[in-house]
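# Tertiary structure, described
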Amino acid sequence: MNIKSAQIISLALLAVLFAPPLAAESSDAKKIPPLQSIATAIKTAFTPSSPATAKNNLPERIVEEQEALIFTAPPRETPAAAQEIYQPVAAYLSQIIGKKVVYKDPGTWGVYRTEMLQGKYDIIFDGPHFNSYRMEKLSHNILVKIPERHEFVVIVRKDKGSFDTVQQMAGRTFCAHAPPNLATLVLLSKFDNPSRQPVIVSTNGWDKIYDGVISGKCVGGVLPMLNLKKYDRAGLTRVVFKTQAMPNQAFSAGPRVSLEDQSKIAQALASPNAAGPTEKLRAAFKVGDSFALASNQEYQGLAEYLRNEWGYY
């Protein structure tokens, strides 16, 4: 018996011992034996109150979020910037399907990966390899995409003439975004020998990656072909490897979103009416005038780039 239980029983005993007799109050009152009084007191002390439903005990905001569809994206921006970019999209989708859609900022890549793998997100905007993975493992469908296709290039400075293939650069430094950025995973996929890998110098921003190669901070770098054309107008670099074109970032929706609502969302995001709600999103990712309708088939197989990333397979 713990201390709290002993205290309750002691108080019950004292209450019975010192209570005034009740017989004088009513000649018809039944005399209750002391032991029965003690048992009644103890039973009352340990009987839990009737539980309310879990929903009624939760704060209203949490209940609302549990019933809402969750929209998210990787934590590439500050929380404040992410709210400005994604919250208008969530509000727009709420209007389109007539159900509450809330934007949730995951905060960190670790939380993003964990909650995505647990199926806690219903609508997601992110890279093609993640879309492909969710299609394969989490029953998501891909709805709309950035129309421009991805082409990544591995570059070196022009005066680094000793490298003809990317595989010759094992052990060399590469300016690149930290994995699971797709460009970096594409680079790493070219090195199948665990003992002969490139050295990734984590660098945020395509422009910073280019500058890192030009300055000599890194021997090589990996970035989109479109960005290279923009930065390298003076022709200071040489392309060692270029990928085949692949689909770009996209929106996907999971099984909590009905197929009817998925169709509504896809049509709405690709329509001219989405211009206002998606304005900041399109500006941030160079989408152009609008998103384009997408299909699952064109993203098939891209999940393989996540094969060696922890937690996915």
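This report concerns the structure included in the present document. Within every chain, residues take consecutive numbers counted from 1 along the sequence as written. Predicted model: local features are reported for residues with pLDDT of at least 70 only, side-chain atom pairs are reported and counted for 80 or more only, and whole-chain, interface and lining totals are derived from all residues. Just so you know, side-chain values use all the structure's heavy atoms and leave hydrogens and water out.

## Observations concerning the packing of helix H6 (residues 109-117) against helix H7 (residues 128-137)
To be explicit about the condition: Here an angle of 0 to 180 degrees is reported between the N-to-C directions of two axes, which are lines fitted to C-alpha atoms, with helices fitted over the stretch in contact. Each helix is a run of H or I in the DSSP string that is no shorter than four residues. Each strand is a run of E no shorter than two, and both are numbered from the N terminus. Should an angle fall under 35 degrees it is taken as roughly parallel, and over 145 as roughly antiparallel, whereas 65 to 115 is taken as roughly perpendicular and any remaining angle as oblique. The contact definition used throughout considers only heavy atoms, calling two residues in contact when any of these lie within 4.5 Å. When residues are sorted by character, Ala, Val, Leu, Ile, Met, Phe, Trp, Tyr, Cys and Pro go into the nonpolar class, Asp, Glu, Lys and Arg into the charged class, and all the rest, Gly among them, into the polar class.
Contact geometry of H6 with H7 gives a least axis separation of 11 Å together with a crossing angle of 25°. By the angle between their directions, the pair H6 and H7 is classed as roughly parallel. Residues Trp-109, Tyr-112, Met-116 and Leu-117 of H6 lie in contact with H7, whose contacting residues are Phe-130, Tyr-133 and Arg-134. A breakdown of the residues in the contact of H6 with H7 according to their chemical character gives six nonpolar, no polar and one charged.

## Some remarks on the pattern of salt bridges
So the rule is basically this: Put simply, a salt bridge is a Lys or Arg side-chain nitrogen that is within 4 Å of an Asp or Glu carboxyl oxygen. Working definition: with a 1.4 Å probe on protein chains only, accessible area under 20% of the residue-type maximum means buried, over 50% means exposed, and in between means partly exposed.
According to the stated counting rule, one finds 12 salt bridges in the structure shown. Notably, a salt bridge pairs Lys-264 with Glu-260, separated by 3.7 Å at the nearest N-O pair. Placement of the pair is Lys-264 and Glu-260 together in helix H11 (residues 259-269), with a separation of four residues, close to one helical turn. Lys-264 gets classed as partly exposed once you look at its relative accessible area, which sits at 35%.

## Some points on the layout of surface pockets
We count it as follows: Of the two site types, the cavity is a set of points on a 1 Å grid over the protein atoms alone where a 1.4 Å probe fits but cannot get out, and the pocket is an open set with protein on both sides within 12 Å along at least five of seven lines, each lined by residues with an atom within 4 Å of a point. Grid points are joined across faces, edges and corners, and a volume is the space filled by probe spheres set on the points.
Space inside the largest pocket adds up to approximately 1,100 Å³. Lining of the largest pocket is provided by 36 residues; of these, His-177, Asn-181, Trp-206, Gln-249 and Phe-285 occupy positions nearest its centre. When contributions to the lining of the largest pocket are tallied by element, the ones reaching two or more residues are H7, helix H8 (182-188), helix H9 (206-215) and helix H10 (225-231). Broken down by class, the residue content of the lining of the largest pocket amounts to 18 nonpolar, 10 polar and eight charged.

## A few points about H6
Rules: In this description, one arc is meant: the one made by directions from the helix axis to the C-beta atoms.
Taken as a whole, H6 has its buried residues at Tyr-112, Glu-115 and Met-116. Each buried residue of H6 sits inside an arc of 100° when the element is viewed along its axis, so together they form one side. Where H6 is buried, its residues contact strand S1 (69-72), strand S3 (123-126) and H7. Backbone geometry just downstream of H6 places Gly-119 in the positive-phi region, at approximately 75°.

## Describing H7
Buried residues dominate H7, accounting for eight of its 10 residues. Along H7, the positions that sit buried rather than exposed are Pro-128, His-129, Phe-130, Asn-131, Ser-132, Tyr-133, Arg-134 and Met-135. Next to the buried residues of H7 lie H6, S3, strand S4 (141-145), H8 and strand S10 (250-253). In the segment just after H7, Ser-139 is the residue with positive phi, at about 60°.

## A closer look at unusual backbone geometry
Across the junction of Pro-179 and Pro-180, the peptide omega takes the value 15°, indicating a cis bond. The phi angle at Ser-139 is positive, at roughly 60°, despite the residue not being glycine. Tracing the sequence through the fold places Ser-139 in the loop between H7 and S4. Exposure remark for Ser-139: the relative accessible area of 52% places this residue in the exposed category.

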